[in-house]
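Take a look at the letters that make up each chain.
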Amino acid sequence: MKSHADKASDIALDARSIYLRQLVCRTLAGGNRGHVGSTLSLIEILRVLYDDILTFDPKNPNWEDRDRCILSKGHGCIAQYVLLADKQFFDIHHLDTFCQFDSILGGHPEANKIPGIETSTGSLGHGLSVGLGFALASKIKKRKNRTFVIMGDGEINEGSVWEAAMCISKHRLDNLIAMVDYNKIQSAGKTEDIQDLEPLADKWRSFNFNVFEVNGHDVNELREVLTHLPRESNKPTMIICHTVKGKGMHFAEHNPSWHHKAKLTPETIQEMYLALEAPHA
């Protein structure tokens, strides 16, 4: 029987997932830098959220009844930028200015600067606490909107994540859905070597979360679990998404050296585009 990690490696990318990765390449070319691996593992998670799950209005990004989507692992922001551009929160040509002087798109997301960004992130470990505040406020105001928080696996080494988890459980916030991009590699190496997270699902269950494990690159599986939430009232949800760091570019997959690249040459960008044209399995 294949492991979650093997299934994530084996799944093929469809045309939309490849297109979104091409937009990632375009953004990386604009800045000649970026968190490549951390972005590519997120694409399908954010794709399903923005395509099928979230309630929002690009023409009115601050609409009070919108769902909130917080990318706590802010270094993977290019994945969110390409979805926001795709949904017309801002003109797609802004992707070409990534990390340039006076661009709205920096190396970490900034609220009140980028339409569709709920809170500034990048200092890891804070997104779940912010999400807790949003979800609790919605409960107090008796609003039906939901809060989604996407975290990195290395990020959940931070103690503030577990403090937030305790408080979320205490307040029975079934309108909060937390997701972990479990690509099993953080900036300095494999998560199992740096700070082993297993048994990860049991940890979240012990905090009274309703826990699901999915293939984070299988859009049908993601859509199925996200469409029918909450499965249990008065309990928050945790979705552990098993992913591949660098998914879609064979030379970056499972490769810690592709966590971040400070200088991407035009030749490397071209190699990335060509990798997306190769068969994916």
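Coordinates for the structure precede this section.
Calculation criteria
Residues numbered from 1 in each chain as written. Predicted model: local features only at pLDDT ≥ 70, side-chain atom pairs only at ≥ 80, totals over all residues. Heavy atoms only, no water. Helix = DSSP H or I, 4+ residues; strand = E, 2+ residues; numbered from the N terminus. Rg over C-alpha atoms; globule rule 2.2 N^0.38 Å. Buried < 20%, exposed > 50% of the residue type's maximum accessible area, 1.4 Å probe, protein only. Contact = heavy atoms within 4.5 Å. Areas by Shrake-Rupley, 256 points an atom, 1.4 Å probe, with all protein chains shown as cover. Patch = residues over 30% accessible without salt bridge, like charges linked within 9 Å, V, L, I, M, F, W, Y side chains within 5 Å. Salt bridge = Lys/Arg side-chain N within 4 Å of Asp/Glu carboxyl O. Lys, Arg positive; Asp, Glu negative; His and termini not counted. Charge placed at Lys NZ, Arg CZ, Asp CG, Glu CD. Expected span 1.5 Å × (residues − 1). 1 Å grid on protein atoms, 1.4 Å probe; cavity = no way out; pocket = protein on both sides within 12 Å on 5 of 7 lines; lining within 4 Å. Points joined across faces, edges and corners; volume = space filled by probe spheres on them. Nonpolar A, V, L, I, M, F, W, Y, C, P; charged D, E, K, R; others polar. Phe/Tyr/Trp six-rings, centres within 6.5 Å; stacked < 30°, edge-to-face > 60°. Polar contact = N/O pair within 3.5 Å; in protein donor to acceptor, adjacent residues only side chain to side chain.

Here's the deal with the overall build of the protein
Counting its secondary structure elements, the protein contains eleven helices and seven strands. Since a compact globule built from 281 residues should have a radius of gyration of about 19 Å, the 18 Å found for the protein is in line with a globular shape. The C-alpha extent of the protein, read off along each of the three principal axes, is 50 × 45 × 30 Å. Taking all 281 residues of the protein together, 54% fall into the buried category. Relative to all contacts within the protein whose residues are 6 or more apart in sequence, the contacts with residues 24 or more apart total 77%. Carbon and sulfur atoms make up 49% of the accessible area of the protein, which totals about 12,100 Å².

Quick notes on a negative patch on the surface
Together, Glu-192, Asp-193, Asp-196, Glu-198 and Glu-213 make up a negatively charged patch on the protein surface. Position of Glu-198 relative to the elements: it lies in the loop between helix H8 (191-195) and helix H9 (200-206).

Examining helix H2 (residues 15-31)
Look at H2: 25 Å from first C-alpha to last across 17 residues, which is about the 24 Å you get at 1.5 Å a residue. Residues Ser-17, Ile-18, Leu-20, Arg-21, Leu-23, Val-24, Cys-25, Thr-27, Leu-28, Gly-30 and Gly-31 constitute the buried set of H2. As for H2, its buried residues are in contact with helix H3 (36-40), helix H4 (43-53), helix H5 (77-86) and helix H11 (266-277).

Topic: empty space enclosed by the protein
A complete count under the given rule lists two cavities of 30 Å³ or more for this structure. If you add up the space inside the largest cavity, you get close to 90 Å³. Every residue lining the largest cavity is listed: Tyr-50, Leu-54, Phe-56, Asp-57, Pro-61, Arg-66, Asp-67, Cys-69, Leu-84, Phe-89, Gly-116 and Glu-118. Tallied by class, residues from the lining of the largest cavity come to seven nonpolar, one polar and four charged. Here the second largest cavity defines a volume of roughly 40 Å³. Cys-69, Ile-70, Leu-71, Gln-80, Pro-109, Ile-117, Glu-118, Thr-119 and Thr-121 are the residues that line the second largest cavity. It is strand S1 (residues 68-71) that contributes the most residues to the lining of the second largest cavity, three residues altogether. In terms of residue class, the lining of the second largest cavity is made up of five nonpolar, three polar and one charged.

What to know about the packing of aromatic side chains
All told, the structure shown has seven aromatic pairs when counted by the stated rule. Aromatic pair Tyr-50 and Phe-56: ring centres 5.8 Å apart, planes at 55 degrees, arrangement tilted. Its relative accessible area of 5% is what places Tyr-50 among the buried residues. Judged by relative accessible area, Phe-56 falls into the partly exposed class, the value being 24%.

With respect to the side chain of Ser-169
Turning to its location among the elements, Ser-169 is positioned in helix H7 (residues 159-170). The class for Ser-169 is buried, based on a relative accessible area of 15%. In terms of polar contacts, Ser-169 uses its side chain to reach the backbone carbonyl oxygen of Phe-207, at 3.0 Å. Those residues in contact with Ser-169 that sit more than four places away from it in its chain are Phe-207, Asn-208 and Pro-236.

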